[in-house]
Amino acid sequence: MAVLFFIPLILTTELHQLSHSLVHGFLARLGDPTTTLAAFSIAFSFNTTFSGIMSVATQAGMSYITDKRSFWRVARFYSYVALAPFIFIEAVALTPLGDWLFGTMMGASVETTRLAKAASAVMGLWIAPNTARNLATALCMMNRRTMPISHATMLRLVSQVLLLLVLPFWFEGAVAGAASLVGCMTVEALYLYWVARPMYQALPAF
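Thresholds applied
Residues numbered from 1 in each chain as written. Predicted model: local features only at pLDDT ≥ 70, side-chain atom pairs only at ≥ 80, totals over all residues. Heavy atoms only, no water. Salt bridge = Lys/Arg side-chain N within 4 Å of Asp/Glu carboxyl O. Helix = DSSP H or I, 4+ residues; strand = E, 2+ residues; numbered from the N terminus. Buried < 20%, exposed > 50% of the residue type's maximum accessible area, 1.4 Å probe, protein only.

Asks: Kindly report on the pattern of salt bridges, identifying the contributing residues and their values.
Replies: Summed over all chains, the structure comprises five salt bridges. One salt bridge in this structure joins glutamate 111 and arginine 114, with 2.6 Å as the shortest N-O distance. With glutamate 111 and arginine 114 both in helix 6 (residues 110-123) and three residues apart, this pair spans about one turn of that helix. Judged by its relative accessible area of 36%, glutamate 111 is partly exposed. Arginine 114 sits in the partly exposed class, given a relative accessible area of 37%. For the salt bridge of glutamate 188 with arginine 156, the shortest nitrogen-to-oxygen distance reads 3.1 Å. Here the residue glutamate 188 occupies a position in helix 9 (residues 173-201), and arginine 156 occupies one in helix 8 (residues 147-166), the gap between them amounting to 32 residues. Arginine 156 gets classed as buried once you look at its relative accessible area, which sits at 2%. Salt bridges sharing common partners tie together Glu111, Arg114 and Glu172.

Printed below as a string of structure tokens:
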């Protein structure tokens, strides 16, 4: 029973790593790959560092969700918590703070800094689908249904490939990579929301 519970979670972790490698591999094939990859890596590291606090929403949900009321308490709490990193990320990405942090402190070139700021601004939007996904994941794990989590990650990879094929027609490389992550995470969150709805409905009201 433990094997059936944990194998999908192990698979999900591996697929998440593949998702990041897909972006890097795709961006490396675009024009000026050095600048593109540098800008994306700066934006990705910056965003994961300051939005990492949201990753514990799953564990918090498993610990504190016992009914519908407690679910919404946890959801509201993490929605409020998410505002702090979101505002900080967007403030850096959309103001001269980004020029100072990425250009002066990190030593990135002017073009790399410009792209990193744009990619960070887009990537900051992933906080919303990540929060929804983590809470839905908590419901799945509480109900010992981990296979849908793996299915959601597979769907994430498929949608990411499709997004990487079309987004460069509208966005520059690093920004397209950031948009593909936000898009595929949104698809993943929507699928888990659909799967977790019956689990939420089965919770007692109080």
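Now that the structure has been shown, the text picks up again.
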